[in-house]
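Examining the three-dimensional arrangement
So you can see what is in the structure, the chains are spelled out below.
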Amino acid sequence: VFSFASFLAGLAVDKADARTLLPTSGVLWSLAMLWQAAASSFGDVLGSRFLLGFSQAFCNPAAYVALGRISAPSSRATVLGVYSSGVYIGGGLAALSILLDGPLGWRGVSQLAGATGVGVALIAAVALPSLPPVASEGREEAAGEEAATAQQVGALSSLRDDLSELLAP
């Protein structure tokens, strides 16, 4: 589910505001965890896990867009590197939730994760600026970028020609 939904998530992030998608996916993920905690059948657990994978798939594409858009170009690679590391560190720390299984039980751990997720999603909804898709920022900006790219290609072609002349016998 996660892999298939990741493809759909990338398409959605290209067309929708990442500020909306991040908290929405967080709330859906949290609801899936709470559904899992309340599960009374295998079907409930399976359904909650499907929703969990689907909602989680939207987080990375939306997070990468949001971080890329709100960070300065000079520090963007560092910001994205820290986020990427955090994904794996968070996964490792999540494995430590097994320590809470004894005192809380798996249902209690799922409830705690779901409640925490709702809180984090609400913080994201308030803290993030509007992040509309790049395509909606207007044709003038796109035209400016195309002109700059054409200028760069022209400069590289000129440099290539100059180097060819210098290196010619």
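Because the structure is a prediction, the values reported are computed rather than measured.

Describing the packing of aromatic side chains
For any pair of aromatic rings, the description consists of the separation of the ring centres together with the inter-plane angle of the planes. If you walk through the whole model with that rule in mind, you get two aromatic pairs. Ring geometry for Tyr64 and Tyr83: centres 5.2 Å apart, planes at 85°, overall edge-to-face. Here Tyr83 lies in helix α5 (residues 76-95) and Tyr64 lies in helix α4 (residues 59-70), a separation of 19 residues in the sequence.

Side note on the confidence of the model for the protein
Residues of the protein with pLDDT of at least 70 account for 80%, and the chain-wide mean is 84. The spread of mean pLDDT over the elements of the protein runs between helix α7 (residues 139-167), the lowest at 60, and helix α3 (residues 42-57), the highest at 95.

Topic: α4
Across its 12 residues, α4 extends 16 Å between first and last C-alpha, which sits within 8% of the 16 Å expected from 1.5 Å per residue. Those residues of α4 not exposed but buried are Pro61, Ala62, Ala63, Ala66 and Gly68. In this structure, the buried side of α4 is in contact with α1 (2-15), α2 (18-37), α3 and α5.

Digging into the side chain of Ser30
When you line up the elements, Ser30 lands in helix α2. By relative accessible area, which is 0% here, Ser30 ends up buried. In this structure, Ser30 is in contact with Gly114, Gly117 and Val118, ignoring residues within four places of it in sequence.

Reading guide: rules and limits
- Along each chain, residue indices are assigned from 1 in the same order as the chain's sequence is written.
- Per-residue local features of the predicted model are confined to residues with pLDDT of at least 70, and side-chain atom pairs are confined, for both listing and counting, to 80 or more; whole-chain, interface and lining totals are unaffected and use all residues.
- Side-chain calculation: all heavy atoms of the structure are included, whereas hydrogens and water are not.
- Note on ring pairs: Phe, Tyr and Trp rings are taken, using the six-membered ring of Trp, and paired if centres are within 6.5 Å. Classes follow the plane angle, with under 30 degrees stacked, over 60 edge-to-face and the rest tilted.
- Helix numbers and strand numbers start at the N terminus; a helix is a DSSP run of H or I with at least 4 residues, a strand a run of E with at least 2.
- Every residue is assigned a pLDDT by the predictor, reflecting its confidence on a scale from 0 to 100.
- Under the convention used throughout, the expected extent of a helix is 1.5 Å for every residue step, that is, one less than its residue count.
- A simple rule labels every residue: compare its accessible area, found with a 1.4 Å probe on the protein chains alone, to the largest value its type can have, and call it buried under 20%, exposed over 50%, or partly exposed in between.
- Note on contacts: a residue pair qualifies if any of its non-hydrogen atoms lie within 4.5 Å across the two residues.

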